[in-house]
Amino acid sequence: MVPRFRYLWTSTRHLSFDHCAYHNCKEEAAAFRVDERFVNFTDHVLTLHENPTIDSFCLYLNYAAEAYPDYPQYEGGVTEETRRSNKIGTWICFSARRKVKFLDLDFLARAREFLHNLDFPRNLYVLPSIVLRCSCLVELKLASCEVRLVGRVQQRSLRKLFVKQIYLTDNKLADILSGCPLLKELSLEDCHGLRKPKFCSAPSIEVLNLEKCNNLKKPDLAQSDKKHLTIDNSGHLELVHLELVCPNVMILDIAGRIEGVKATNMSSLVDTSLYFSHYFRFS
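How each quantity is defined
Residues numbered from 1 in each chain as written. Predicted model: local features only at pLDDT ≥ 70, side-chain atom pairs only at ≥ 80, totals over all residues. Heavy atoms only, no water. Helix = DSSP H or I, 4+ residues; strand = E, 2+ residues; numbered from the N terminus. Buried < 20%, exposed > 50% of the residue type's maximum accessible area, 1.4 Å probe, protein only. Contact = heavy atoms within 4.5 Å. Areas by Shrake-Rupley, 256 points an atom, 1.4 Å probe, with all protein chains shown as cover. Pairing = 2+ DSSP bridges. Axes fitted to C-alpha atoms, helices over the stretch in contact; angles between N-to-C directions. Arc of directions from axis to C-beta. Salt bridge = Lys/Arg side-chain N within 4 Å of Asp/Glu carboxyl O. Expected span 1.5 Å × (residues − 1).

**Quick notes on the overall build of the protein chain**
Stage number 1. Along the protein chain, the regular secondary structure elements total six helices and 13 strands.
Stage number 2. The buried share among the 283 residues of the protein chain stands at 46%.
Stage number 3. For the protein chain, contacts bridging at least 24 residues in sequence account for 49% of all contacts bridging at least 6.
Stage number 4. Of the accessible surface of the protein chain, which amounts to about 14200 Å², a share of 50% is contributed by carbon and sulfur atoms.

**Describing the sheet that holds strand β5 (residues 160-164)**
Stage number 1. In spatial order, the strands read β1-β2-β3-β4-β5-β6-β7-β8-β10-β12; together these ten strands make up an open sheet with parallel pairing. The sheet terminates laterally at β1 (14-18) and β12 (271-276), the two strands that pair on one side only. Across this sheet, the average inter-strand angle for adjacent strands is 5 degrees, counted without regard to direction.
Stage number 2. Alignment of strand β8 (residues 228-233) against strand β10 (residues 251-256), held across six bridges, turns out to be parallel.

**Side note on helix α6 (residues 170-178)**
Stage number 1. When α6 is considered as a whole, its buried residues turn out to be Asp170, Leu173, Ile176 and Leu177. Down the axis, α6 shows its buried residues gathered within 125 degrees of arc, on one side only.
Stage number 2. Residues of α6 that are buried make contact with β5 and β6 (185-189).

**Concerning the pattern of salt bridges**
Stage number 1. What the rule picks out here adds up to seven salt bridges.
Stage number 2. Lys87 is the salt-bridge partner of Asp43, the closest N and O atoms lying 2.8 Å from each other. Placement of the pair is Asp43 in helix α2 (residues 36-48) and Lys87 in helix α5 (residues 87-97), with a sequence separation of 44 residues.
Stage number 3. Where Glu146 meets Arg148, a salt bridge forms, and the shortest distance between an N and an O atom there is 2.9 Å.
Stage number 4. Through salt bridges that share partners, Arg13, Asp55 and Lys101 make up one connected network.

**Some remarks on the pairing of β1**
Side chains on a regular strand alternate between the two faces of the sheet.
Stage number 1. Taking every second residue as pointing to the same face, the buried face of β1 carries Leu15 and Phe17, while none of His14, Ser16 and Asp18 on the other face is buried.
Stage number 2. In this structure, β1 lies alongside strand β2 (residues 56-60), joined through five bridges in parallel fashion. Bridge pairing in β2 places Ser16 opposite Cys58.

**Regarding α2**
Stage number 1. Taking 1.5 Å per residue as the helical rise, α2 with its 13 residues ought to reach 18 Å, and the 19 Å between its terminal C-alpha atoms agrees with that figure.
Stage number 2. Within α2, the full set of buried residues consists of Phe38, Val39, Thr42, Val45 and Leu46. The arc that holds every buried residue of α2, seen down its axis, measures 135 degrees, which confines them to one face.

Quick look at the structure:
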């Protein structure tokens, strides 16, 4: 390498760390193991990084050993040393201090492919509260972690929020949205705690995707300006009955195992797509 370019990587504005780079994640045994080389490499890169700001930070690793400690196939997952030293929290705080704009955190990554026969994880990695106070974030993706609200959410620049396999109650979601005044797109997948979520605290949302939230009953969109609403219950055995009041929705997509939909006040609707894998009733 030409000497003058040797340390150019220390100024990169895009950082991505994927533990699957150190083994074949298509094999189940490998998917449940985080190689210490990955931990050491991540530490090394962040220690030598010099740019005061970064545009994106992505972290993909398996934390299933913590979620299911009694399952022998998770032996060799995230090590006790890594958990004890809170290295993961240190990495995430690094991105927040560098005023990251795009943050993507997935704590099951490709190991998720082998979890289809197990219960919904309840004891995954606890997200550092600093993430919900990153005022520079424009896009945030969170998957398979626990979100605890400490103080007020302050994400004044956030435009897109994607949440996957995270237990959220209606009230917790409302508190998060109240701190995202500019949010335009919201996607919630496998968030089983949601039943009658209210979206009035985030009137700026234009695109809302609700996927595999199998306890969803009556999303409240009466006082929101949502333009595009997608509800997809594919992949779940339980049937869902929905009640919808969404006067400003222009595009409506509904799919999956839906028992019935009661829709009222849909005066703005101009396009709809309905695809059901079970007997369906619409009124």
